[in-house]
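# Commentary on secondary and tertiary structure
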Amino acid sequence: MSFSMTHQARCVAPQIAEEQRPRFFVGTSSVFNGPSAENELRLLDFDEDENEVSTQTFPHKNQIRHLAPSIDKPDLIFTCHQDPTPKLNACASLYLLSAIITNDHDQKLANQSGMLTELLCIESCDRVAGINKIFWDPSGDKGRVVAVGTRSLGLYGIDRGLSKGTLESSLSLSNFGDFQEDTIDCAKWNPHNLDEFAIGAGSTLLGLDLRSSKSTFQITNAHNECIRDLDFNPNKPHHLATGGNDGKVRIWDTRNASKPVKELVNHTHYVWSVNFNRFHDQLLLSSSSDCLVHLHNAVSVSSTPHGLIRTLDEDVDREEGIMDEIKTTDELIATYREFEDSVYAVSWSTADPWIFASLSFDGRVNINIVPRDVKYSIIL
């Protein structure tokens, strides 16, 4: 299923707190001024039975660079945005969405417009300049967030009324080595260790302890060129995936990082996004400026015991439920070729583990479903 945004776009994220329907936020990044070029936050609802997308639009004042939906409140979302003026003011705003309007009979979105109410704004400062990403505490604690700037990050405390963010501590790249020309291009909070935060700066992958302000791991030359994205395996501690300008996807065990535990070489240009399936972590998405999205089966380095799946014996009646256990191998499950521009982001639904969205720079959103035979091989 394909849907086109009104402007160029770079970021897509699931509506995490919505547990019943597959919904995704998309933020546009038009740099032009004027009413006709107003950016927007769009909420998309995907109906698998009818293969249909319904939406609700929320006008947004500036180009959106990053999205961080609340983990437990469907009507709260942080956006990182930038004013397209010579000052280039970058900040992160927490918004309250107006009522999400749905049809009474089927709970689809009613294709209407809503409003955003800004609750607080975390502005760039000397210690955290050029804020372009923000992350909620993975535990669901709304009392702290991490904002990521060009060369530093800050841990902010949020008051109980969600009206003020206070900078509690900050970490700069300059404290961890020679990063004179490098910037922080990607980051992620470790869901298994709430005191650890990982960043990609140039070709270096770096783990940071938010309490001690020390490095927890450092992988120099994790890619031959710049690291564009990273994602922790949600079910296997110490494991994360990275994508880089060298066109490669690499999976690491940070306890022994002399070399990746897995390397996937299927893209021919920059890998902009990597994303583990939170329910079935052998499923890994990647997208690239080669205009392709790849769905990988990385079962050999997943949390699936012994890399085993169960398949039906084709010669046995399905109702008898007789299974054969076979050892699976890693493979490229599917390649999605519908895009005509760089695919900047991919994201799994949090409501349905078999549905994912991908977004290209020209504003095209594709929503796909994991192939049925792959699904059955995992769940049967």
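Residues numbered from 1 in each chain as written. Predicted model: local features only at pLDDT ≥ 70, side-chain atom pairs only at ≥ 80, totals over all residues. Heavy atoms only, no water.

Turning our attention to the pattern of salt bridges. A complete count under the given rule lists 15 salt bridges for this structure. Asp253 is paired through a salt bridge with Arg255; the nearest N and O atoms lie 2.8 Å apart. Judged by relative accessible area, which is 57%, Arg255 ranks as exposed. One salt bridge connects Asp330 with Lys262, and the closest N-O pair in it is separated by 3.0 Å. Placement of Asp330 in the loop between β27 (323–327) and β28 (331–336) and of Lys262 in strand β22 (residues 262–264) is noted, with a sequence separation of 68 residues between them. On the basis of relative accessible area, Asp330 is assigned to the partly exposed category, the value being 21%. (Salt bridge = Lys/Arg side-chain N within 4 Å of Asp/Glu carboxyl O. Buried < 20%, exposed > 50% of the residue type's maximum accessible area, 1.4 Å probe, protein only. Helix = DSSP H or I, 4+ residues; strand = E, 2+ residues; numbered from the N terminus.)

What follows is about the pairing of strand β18 (residues 215–219). Two faces make up the sheet, and in a regular strand the side chains alternate between them. Pairing geometry for strand β17 (residues 204–209) and β18, over four bridges, is antiparallel. Following the sheet pairing, Leu206 is matched in β18 by Gln218. Hairpin geometry of β17 and β18 is characterised by an intervening segment of five residues between the two adjacent antiparallel strands and by a positive phi of about 65 degrees at Ser213. (Pairing = 2+ DSSP bridges.)

Moving on: the environment of Val299. Within the secondary structure layout, Val299 lies in the loop between β25 (293–297) and β26 (308–312). With 218 residues separating them along the chain, Val299 and His81 place their C-alpha atoms 37 Å apart.

This part takes up the packing of aromatic side chains. Under the defined criterion, the tally for this structure stands at eight aromatic pairs. Judged by centre distance (6.0 Å) and plane angle (70 degrees), the rings of Trp189 and Phe197 are edge-to-face. Comparing Trp189 with Phe197, the two get one shared label, buried. Members of the aromatic cluster, connected to one another through ring pairs, are Tyr270, Trp272, Tyr344 and Phe361. Arg10 extends its terminal NZ or CZ atom over the ring of Tyr344, reaching a point 4.5 Å from the ring centre. Between Arg364 and the ring centre of Phe339, over which it is positioned, the NZ or CZ distance is 6.0 Å. (Phe/Tyr/Trp six-rings, centres within 6.5 Å; stacked < 30°, edge-to-face > 60°. Lys NZ or Arg CZ within 6 Å of the ring centre and 35° of its normal.)

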